[in-house]
Amino acid sequence: QTLYAANAGVGIFKSTDGGDNWNTLADFSAKVGRQDYSRLEMAIGSGAGSNTLYAGIDGNRNVGGNLVAWGYVFRSVDGGQIWQRLDPNSTPKYGGGRCWYDNAIAINPANAGDVYLGGVDIYHSTNGGGAWANIRQGVHVDQHVAVFDPADPGVLWVGNDGGLFRFKNGTWQA
């Protein structure tokens, strides 16, 4: 059984023997500009996309000579062996500088290129993170969890400071 574990400030680990032994897949410290990143969220694809992983991490970015809190997104398409940071110029500042508090990420189990980022707002990409659209209309801020309904991969559930919200067919319901 393959297991993954994400630990803020330490990295992402993988076990292929049900948790008896673990290998480090990624340590993002240098990549996000700080040694003490305090939040790391991971999403794992399923089915044909089971080798696709995304990681949302709070970090720092140099903006005009100043370090600014920033949410970085990394993707692996080979089970975590190689990680690519998604372009921070096209990836939204989804955590609003607060990814240490509000940071959620989910992959549609039917399509590993269909990804949702939650922070202050909620962003959706249909092309593996190449482009994003803010879809938070009417939903409370500060997303803490995003999961797909196992019985219906067309339904995304988001939990935030305002409660639980359901997204289906482009519509939110509280």
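The structure presented is a predicted model; accordingly, all values stated were derived computationally and were not measured. (Residues numbered from 1 in each chain as written. Predicted model: local features only at pLDDT ≥ 70, side-chain atom pairs only at ≥ 80, totals over all residues. Heavy atoms only, no water.)

Caption draft 1: Summary view of the overall build of the protein. Regarding its fold elements, the protein presents zero helices and 15 strands. Over its C-alpha trace the protein gives a radius of gyration of 15 Å, about what one expects of a compact globule, namely 16 Å for 174 residues. Across its three principal axes, the protein shows a C-alpha extent of roughly 45 × 40 × 25 Å. Of the contacts made within the protein by residues no fewer than 6 positions apart, 41% connect residues no fewer than 24 positions apart. If you sum the accessible surface of the protein, you get close to 8,100 Å²; carbon and sulfur atoms cover 48% of it. (Helix = DSSP H or I, 4+ residues; strand = E, 2+ residues; numbered from the N terminus. Rg over C-alpha atoms; globule rule 2.2 N^0.38 Å. Contact = heavy atoms within 4.5 Å. Areas by Shrake-Rupley, 256 points an atom, 1.4 Å probe, with all protein chains shown as cover.)

Caption draft 2: Focus on the sheet that holds strand E11 (residues 133-134). Read across the open sheet, the four strands follow the order E8-E9-E10-E11; overall the sheet is antiparallel. What marks the edges here is a single partner per strand, and that holds for strand E8 (104-108) and E11. Relative to strand E10 (residues 122-125), strand E9 (residues 111-118) runs antiparallel, the two being bridged by four bridges. Of the residues in E10, the one forming a bridge with Gly118 is Ile122. (Pairing = 2+ DSSP bridges.)

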